[in-house]
Amino acid sequence: MKVFYFTGTGNGLAIAKAVGGEAISIPQALKEGTTRYEDDVIGVVTPTYAGRPARIVVELLSRVDLVADYHFAVASYGGVMGNSLGPLAAAAAAKGWSFDYAAAVKMVDNYLPLFDVDAEREKKDQAGIGETVTRVARDIADRRHSAVRVGIGNTLYGVVGRLAYGAVAGPKVAHSAFSVSDACVSCGICARFCPAGNIAVEDEQHPVFGCACLGCYGCAHICPHGAIHARGEKSAARWRNPNVTVRELIEANGQR
C-alpha cells in the first residue's frame, strides 16, 4: 500500500502513518518526477484550505498515474469541510479511475488569520480525533467502499473558498502574507521546511518569501522562536500534530 500525503503542521502525515503502508510525501514525489506508481492499494491524504484541497495534491493526481485495485482519499479539515474531496474525484476521473473510499477528519485548524490555536486545542478532543483516524484506517484495511459525496452547501463553500485560497496563496500575494520579528535568529528551519521552496535565508538575514506559497502556514508553525507571523493572525499560539516530529516535517517537505 502507498499513501501519498501533503502536510503543513503534521495532520496529514499523522493520518498517513495511522493508515500504514508506505507514506510518500507529495512534494518529494513531484520533485523526484516519477510519473507512474503501482500497488494493490493507493491513497491520497490532503489538508483542506478554504474549503478546497491543497492544490499540490490535485497537481499530483493530474501529473502522475496511480495504478491500483483500490483507491482512497482522506481530507483533514478544521472548520467547514467544504469541497475538499470533489476536485480530487474530478482529477481521478480525468485519468479514468475513481476513488473506492473517501473520508474526512476534523482536526485542529492551523489557519492563523481565522483560528486561535489555543482555542482550537481546547475544543478539539484529541482522543476523539484519534478514534476517527483509527476508524478510517480500519475502513481502509477492510477495503470498505464509500463514494465521494459533497452536498450543495459544501460545494458552494468550496467555490467561495477557491477565491479565498487564491487571495492568500496566489502569485504576487504570498510574499506579503508573512512578517518576521526580531526574534528570528536566521536558523533557516523555515527555508528547509517549505514545501514550495518559497523561502530563502541568506547571510544570516531574515527569511525572504517568494510568490509560490501553497498556503500551508507551516513556516510560521514550525519556527522554533515564534518569529514568523501571519498577516491578521488571531494569536501567537502555534500547532504541530503531537504524532509528528519537526524532523519528519522537514524531511517530508524540504525542497532545498
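Bear in mind the structure is a predicted one, so any value in this text is a computation, not a measurement.

Some remarks on the overall build of the chain
Turning to step 1, where the next piece is worked out: Scanning the chain from N- to C-terminus turns up 10 helices and 12 strands.
Turning to step 2, where the next piece is worked out: Classification of the 256 residues of the chain by burial places 52% in the buried group.
Turning to step 3, where the next piece is worked out: If you sum the accessible surface of the chain, you get close to 11,300 Å²; carbon and sulfur atoms cover 51% of it.

Concerning the pattern of salt bridges
Turning to step 1, where the next piece is worked out: The full count for this structure, using the stated rule, is 13 salt bridges.
Turning to step 2, where the next piece is worked out: When the shortest N-O distance is used, the salt bridge between K17 and E248 registers 3.2 Å. On the criterion of sequence distance, the pair formed by K17 in helix 1 (residues 11–19) and E248 in helix 10 (residues 246–253) is long-range, its members being 231 residues apart.
Turning to step 3, where the next piece is worked out: Its relative accessible area of 38% is what places K17 among the partly exposed residues.
Turning to step 4, where the next piece is worked out: E248 gets classed as partly exposed once you look at its relative accessible area, which sits at 24%.
Turning to step 5, where the next piece is worked out: With its nearest N and O atoms 3.5 Å apart, the salt bridge here joins R135 to D139. Residue R135 and its partner D139 are both found in helix 6 (residues 126–141); the two are separated by four residues, about one turn of the helix.

Quick notes on unusual backbone geometry
Turning to step 1, where the next piece is worked out: We note that R143 has phi near 55 degrees; this positive angle belongs to a residue other than glycine.
Turning to step 2, where the next piece is worked out: Here R143 lies in the loop between helix 6 and helix 7 (152–169).
Turning to step 3, where the next piece is worked out: Here R143 falls in the partly exposed class, since its relative accessible area comes to 33%.
Turning to step 4, where the next piece is worked out: With phi around 60 degrees, S186 is a residue other than glycine that occupies positive phi space.
Turning to step 5, where the next piece is worked out: Here S186 shows up in the loop between strand 9 (178–180) and helix 8 (189–193).

Comments concerning helix 4 (residues 86–94)
Turning to step 1, where the next piece is worked out: Among all positions in helix 4, only P87, L88, A91 and A92 are buried. For helix 4, the angular spread of buried residues about the axis comes to 140 degrees, placing them on one side.
Turning to step 2, where the next piece is worked out: Looking at the packing, one finds that the buried side of helix 4 touches strand 4 (41–49), strand 5 (52–53), helix 3 (55–63) and strand 7 (70–77).
Turning to step 3, where the next piece is worked out: Just beyond helix 4, the residue with positive phi is G96, at close to 95 degrees.

What counts and how
Residues numbered from 1 in each chain as written. Predicted model: local features only at pLDDT ≥ 70, side-chain atom pairs only at ≥ 80, totals over all residues. Heavy atoms only, no water. Helix = DSSP H or I, 4+ residues; strand = E, 2+ residues; numbered from the N terminus. Buried < 20%, exposed > 50% of the residue type's maximum accessible area, 1.4 Å probe, protein only. Areas by Shrake-Rupley, 256 points an atom, 1.4 Å probe, with all protein chains shown as cover. Salt bridge = Lys/Arg side-chain N within 4 Å of Asp/Glu carboxyl O. Arc of directions from axis to C-beta. Contact = heavy atoms within 4.5 Å.

Remember that the coordinates give geometry; whether it matters functionally is a separate question.
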